[in-house]
Amino acid sequence: MPTVHILDYVAGNVRSLANAVERLGFTVEWIKEPSDISKAESLILPGVGHFGHCLTQFAQSGYLDFIHEHVASGKPFMGICVGLQALFEGSAEDPSVPGLGIIPGKLQRFLDSDKSVPHIGWNSAALSEEDAQKRGRLYGLHNNSKYYYVHSYAVPYDPDFLEDRGWNVATATYGGEVFVGALSRGKVFATQFHPEKSGSAGLRVLEAFLRGERWLPYQDTPMLSVGRGLTKRVIACLDVRTNDQGDLVVTKGDQYDVRDRQDATGTSIVRNLGKPVALAKAYYEQGADEIIFLNITSFRDCPVTDLPMLEILRRTSENVFVPLTVGGGIRDTRDQDGTLVPALDVATLYFKSGADKVSIGSDAVLVVEEYLRAGKKASGKSAIERISAAYGNQAVVISVDPKRVFVDSPKDTSHHTIRTQFPNAAGQEYCWYQCTIKGGREGRDLDVCQLVTSVERLGAGEILLNCIDRDGSNSGFDLELIADVKKHVRIPVIASSGAGTPLHFEQVFRSTHADAALGAGMFHRKEYTVKDVKMELHDQDVLIRPPGS
Ligand code: 1PR
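Everything numeric in this text was worked out from a predicted model, so none of it was measured. Every chain's residues receive numbers from 1 upward, in the order its sequence appears when written. Local features in a predicted model are, by the rule used here, given only for residues with pLDDT of at least 70; side-chain atom pairs are given and counted only at 80 or more, and totals for whole chains, interfaces and linings are based on all residues.

Asker: It is not clear to me how the overall build of the protein chain should be interpreted in this structure. Could you clarify?
Answerer: Helix and strand counts for the protein chain stand at 16 helices and 31 strands. Here the radius of gyration uses the C-alpha set of atoms, whereas the globule reference equals 2.2 Å times the residue count to the power 0.38. Taking 2.2 N^0.38 as the reference for a compact globule, 549 residues should give roughly 24 Å; the C-alpha atoms of the protein chain span a radius of gyration of 23 Å, in line with that estimate. Counting only C-alpha atoms and orienting by the principal axes, one finds that the protein chain spans roughly 75 × 55 × 50 Å. Partitioning the intrachain contacts of the protein chain with sequence separation of at least 6 by distance along the chain shows that 72% fall at a separation of at least 24. Numbering of helices and strands runs from the N terminus, with a helix taken as a DSSP run of H or I at least four residues long and a strand as a DSSP run of E at least two residues long. With C-beta atoms placed from the backbone, a contact is any residue pair whose C-beta atoms sit within 7 Å.

Right under this line is the structure:
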């Protein structure tokens, strides 16, 4: 089997890239030290996280000269995400650290006045229509396909600047900004998106690079025609726990209660809706844009010894080429022998097993309480801060488990209230959203706005916004909660809890600015597929990634 070399500098999920390369029939050799680069015929430089951190690591470990040499020799080279950014002269993310300088220009941060930053999700990488028709598909890129991006900094697209220097450029549009999605000159190819996380469209691009197929014939739209820009994401969520027989199963609660009453004996049993790896694969094939696994009883177990959960990730990432998030138990923890295991090490275990993001629930609430007690002074020691410093804030999702607390008037509480269209039985029209920990078992004196604004400052990259009142209800998302949270943060928000039909997804995207929406029960019970949701959204003119693309 032909071999490709991948530079492994221990930043995030390189396992998925290796899985994708192997799936395409190529063998991976890891570059462990600079001189290994001389042996490489085809070299991939993956990258996630912080520009300055990555480039400093390359420089200190002596990689820069070898990368320059490889590129100059005219051998195939592919840069992915920060691997693309590294080719430029520098980035506003860390102006003190120079890039490789192979391409003139610098990266700028996206403006967040009109949109969420980081830019997370599926967007285009399109050549001009004229170029596409004249030359074909650059490394298999298709103007109608969507690819998975996750970054806050980008190369602004300046028409002709790069083309005049011999680069072919595919662009993407985010809000009013047009930026470089992919570019190539000679045998250098670089993508701002992650091909290994971009479903079959991404695998086609990776395969074309590995086979050295720089231009593939132009293809008319083989699938649903979609517009340019960032799509809304449809996510499938799998709540995982051990059932009464000791098997790890996907379960689903009603307002977080996952036990069914059993007949005659009256014993309650954990609802078993299927096997995690098989369900994740099925949702991927139906067109899910992301998969989330939540280990919902992690507060009882020690995740470091929770090998089955790691195994679920490893096996899923062999077949599922969209982003995987894992949550449950991401916090400083004690191993069975009493050794303290920092949250960063727990997260690292998950990243190495195939996770792209980790989701933090209970620990985020406790950290924010401490942060507020300290007069909004960050300690620098929390799991959020440490993991985002090491892996980038896009890798840190905060899962929020709120429930409504009704009051007669906003004056009756110090918390941020909303006036709801759904008063309670006592006729109270105001409510605040109370944060809970331990899977909703313990309410805290903290409201959702305090939580989300604080975690954004501490370095979180995304909010997974559940709602205990709506969970498992099939009655639709809590639009009031979602709209309110979106007003308070710039980072993306995933709407969760209550989805019962495809129309609920249309509703949440139409009436709030949610960036993504998640379903669980309706998919697990096989009432609807992810594809059903996407087709409904497409029919209603909501921009999506076409299922099966
Ligand atoms: O606190 O960091 O250890 O993380 C624990 C994680 O487990 C948290 O993200 C928390 O939300 C989750 N969790 C804990 N207990 C439960 C439970 O159900 N008993 N599940 C639980 C939360 C909520 C959603 C659910 C949506 C959509 N699940 O993920 O999938 O509500 O459901 P629907 O579409 O069927 O309505 P930590």
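Asker: Hey, could you run me through the UniProt feature "binding site: L-glutamine" (unreviewed entry) in the protein chain in this one?
Answerer: Here, UniProt's "binding site: L-glutamine" (unreviewed entry) annotation points to Cys81. Within the fold, Cys81 resides in the loop between strand 4 (77-80) and helix 4 (82-85). Each residue is classified by how many other C-beta atoms fall within 10 Å of its C-beta atom, where C-beta atoms are placed from the backbone; a count of 20 or more means buried, 12 or fewer means exposed, and values in between mean partly exposed. The exposure class assigned to Cys81 is buried, which follows from the 28 C-beta atoms found within 10 Å. UniProt positions are given in the numbering used here, feature names are shortened, and annotations may be inferred rather than shown by experiment.

Asker: Sorry if this is basic, but what is going on with the site of the ligand here?
Answerer: In this entry, near means the residue's backbone-placed C-beta atom lies within 6 Å of the molecule or strand. Of all residues adjacent to the ligand, which total 32 residues, the nearest are Gly361, Ser362, Ser399, Gly439 and Gly521. Counting residues per element, the ones that place at least two in the shell around the ligand are strand 15 (233-242), strand 23 (357-360) and helix 10 (362-373).

Asker: I'm lost on the domain arrangement of the protein chain in this one. Help?
Answerer: You'll often see interface size given as the accessible area lost when the parts meet. In this entry, domain limits derive from an automatic or database-based domain assignment. Domain parsing of the protein chain yields domain 1 (3-216) and domain 2 (244-401 + 436-539). Centre-to-centre, using C-alpha coordinates, domain 1 lies 29 Å away from domain 2. Residue-level contacts link 23 residues of domain 1 with 24 residues of domain 2. Of all elements in the fold, only helix 1 (15-23), strand 7 (119-123), strand 9 (147-151) and helix 6 (199-210) reach the threshold of two or more residues within the side of domain 1 that touches domain 2. In terms of residue count, helix 1 provides more of the side of domain 1 that touches domain 2 than any other element does, four residues in total. Lys, Arg, Asp and Glu make up the charged group, whereas Ala, Val, Leu, Ile, Met, Phe, Trp, Tyr, Cys and Pro make up the nonpolar group; the residues left over, Gly among them, are polar. For the side of domain 1 that touches domain 2, the per-class residue count stands at nine nonpolar, 10 polar and four charged.

Asker: Could you clarify how one ought to interpret the packing of helix 10 against helix 12 (residues 448-458) in this entry?
Answerer: Between two packed helices, both the angle of their axes relative to each other and the distance between the axes serve to describe the pair. Only the contacting stretch of a helix is used when fitting its axis, a line to C-alpha atoms as for every element, and angles between N-to-C directions run 0 to 180 degrees. At their nearest, the axes of helix 10 and helix 12 sit 10 Å apart, and the two run at 85° to each other. Regarding the angle of helix 10 to helix 12, the classification is roughly perpendicular. Here helix 10 contributes Ala364, Val365, Val368, Tyr371 and Leu372 to the contact with helix 12, which in turn contributes Gln450, Leu451, Ser454, Val455 and Leu458. Orientation is classified from the angle alone, with under 35 degrees giving roughly parallel, over 145 giving roughly antiparallel, 65 to 115 giving roughly perpendicular, and any other angle giving oblique.

Asker: How do you make sense of the sheet that holds strand 11 (residues 168-174) when you look at a structure like this?
Answerer: Strand pairing in a sheet is mediated by backbone hydrogen bonds. Such pairs are either parallel or antiparallel. Strands are labelled as partners when DSSP assigns at least two bridges between them. With mixed pairing, the seven strands of this open sheet are ordered in space as 2-1-3-4-13-12-11. Every interior strand has two partners, whereas the edge strands, strand 2 (27-31) and strand 11, have only one. Geometrically, the sheet is characterised by an average inter-axis angle of 25° between neighbouring strands, direction not taken into account. Of the pairings in the sheet, the one linking strand 11 to strand 12 (residues 177-185) comprises seven bridges and is antiparallel in character.

Asker: Where do I start with the sheet that holds strand 5 (residues 88-91) in this structure?
Answerer: One open sheet holds the three strands; their spatial order is 5-6-10, and the pairing between them is mixed. At either margin of the open sheet sits one strand with a lone partner, and together these are strand 5 and strand 10 (153-154). When strand 5 meets strand 6 (residues 103-109), the two strands line up parallel, connected through three bridges. The partner of Phe88 across the bridge, within strand 6, is Ile103.

Asker: Would you mind going over the nonpolar core with me for this structure?
Answerer: One recurring pattern in soluble globular proteins: nonpolar side chains tend to sit buried together. Ranked by size, the top nonpolar core spans 162 residues in total, and within it Ile291, Val358 and Ala517 carry the most contacts. Lining this core are residues from two domains, each supplying at least three of them: domain 1 (3-216) and domain 2 (244-401 + 436-539). Apart from the residues within four sequence positions on either side, Ile291 is in contact with Ala236, Leu238, Ala280, Tyr283, Tyr284, Val320, Val322 and Leu324. The term nonpolar core refers to a set of buried Ala, Val, Leu, Ile, Met, Phe, Trp, Tyr and Cys residues connected through C-beta atoms within 7 Å.

Asker: How should helix 13 (residues 479-488) be read in this particular structure?
Answerer: The periodicity of an α-helix, 3.6 residues per turn, causes residues three or four positions apart to be oriented the same way. Listed as buried for helix 13 are Leu481, Ile482, Val485 and Lys486. Taken end-on, helix 13 shows its buried residues confined to a sector of 130°, consistent with a single buried face. Looking at the buried residues of helix 13, the elements they touch are strand 25 (402-407), strand 27 (430-437), helix 12, strand 29 (462-465), strand 30 (493-495) and helix 14 (502-511). Note: the arc covers the axis-to-C-beta directions of the helix.

Asker: Sorry, what's going on with the confidence of the model for the protein chain here?
Answerer: Low-confidence regions, as indicated by low pLDDT, have predicted coordinates that should not be scrutinised in detail. The predictor attaches a confidence to each residue, called pLDDT, with possible values from 0 through 100. The predicted model of the protein chain has a mean per-residue pLDDT of 93, with 97% of residues at 70 or higher. Here the prediction assigns the complex a pTM of 0.96, and the interface score ipTM is 0.98.

Asker: Is there a simple way to think about the pairing of strand 7 in this case?
Answerer: As a general feature of sheets, a regular strand has side chains that alternate between the two faces. Counting buried positions along strand 7 gives five out of five residues, so the element sits mostly inside the fold. Of the pairings in the sheet, the one linking strand 7 to strand 9 comprises five bridges and is antiparallel in character. Bridging across to strand 9, Trp122 finds its partner in Tyr148.

Asker: Whenever I open this one, the environment of His53 confuses me. Can you help?
Answerer: Position of His53 relative to the elements: it lies in helix 2 (residues 51-60). Residue classification places His53 among the buried residues on the basis of 20 C-beta atoms within 10 Å. Between the C-alpha atom of His53 and that of Pro276, which follows or precedes it by 223 residues, the distance is 35 Å.

Asker: How should helix 1 be read in this particular structure?
Answerer: Burial analysis of helix 1 places seven of its nine residues in the buried class, the great majority of the element. Three or more residues of helix 1 are buried, namely Arg15, Ser16, Leu17, Ala18, Asn19, Ala20 and Val21. Positive phi shows up at Gly25, right after helix 1, with a value of about 90°.

Asker: Explanation requested: the environment of Arg386 in the structure shown.
Answerer: By the element assignment, Arg386 lies in helix 11 (residues 383-391). Apart from the residues lying within four places of it in its own chain, the contact partners of Arg386 are Ala343, Leu344 and Lys381.

Asker: Honestly, the environment of Asn168 in this entry has me stumped. Any pointers?
Answerer: Inspection of the secondary structure assignment puts Asn168 in strand 11. Between the C-alpha atom of Asn168 and that of Val234, which follows or precedes it by 66 residues, the distance is 32 Å. Apart from residues lying up to four places away in sequence, Asn168 is in contact with Leu138, Leu183 and Ser184.

Asker: How should the pairing of strand 13 (residues 188-191) be read in this particular structure?
Answerer: Inspection of the sheet shows strand 4 paired to strand 13 by four bridges, in the parallel sense. Bridged to Gly79 within strand 13 is Ala190. With four bridges joining them, strand 12 and strand 13 adopt antiparallel strand pairing. Within strand 13, the position partnered with Ala182 by the bridge is Thr191. Taken together, strand 12 and the strand that follows it, strand 13, pair antiparallel across an intervening segment of two residues, in which Gly186 is found at a positive phi of about 55°.

Asker: I'm lost on unusual backbone geometry in this one. Help?
Answerer: Of all residues except glycine, most have a negative phi; of all peptide bonds, most are trans. Across the junction of Val117 and Pro118, the peptide omega takes the value 10°, indicating a cis bond. Tracing the sequence through the fold places Pro118 in the loop between strand 6 and strand 7. One non-glycine residue, Asp541, adopts positive backbone phi at about 65°. When you line up the elements, Asp541 lands in the segment after helix 16 (530-539).

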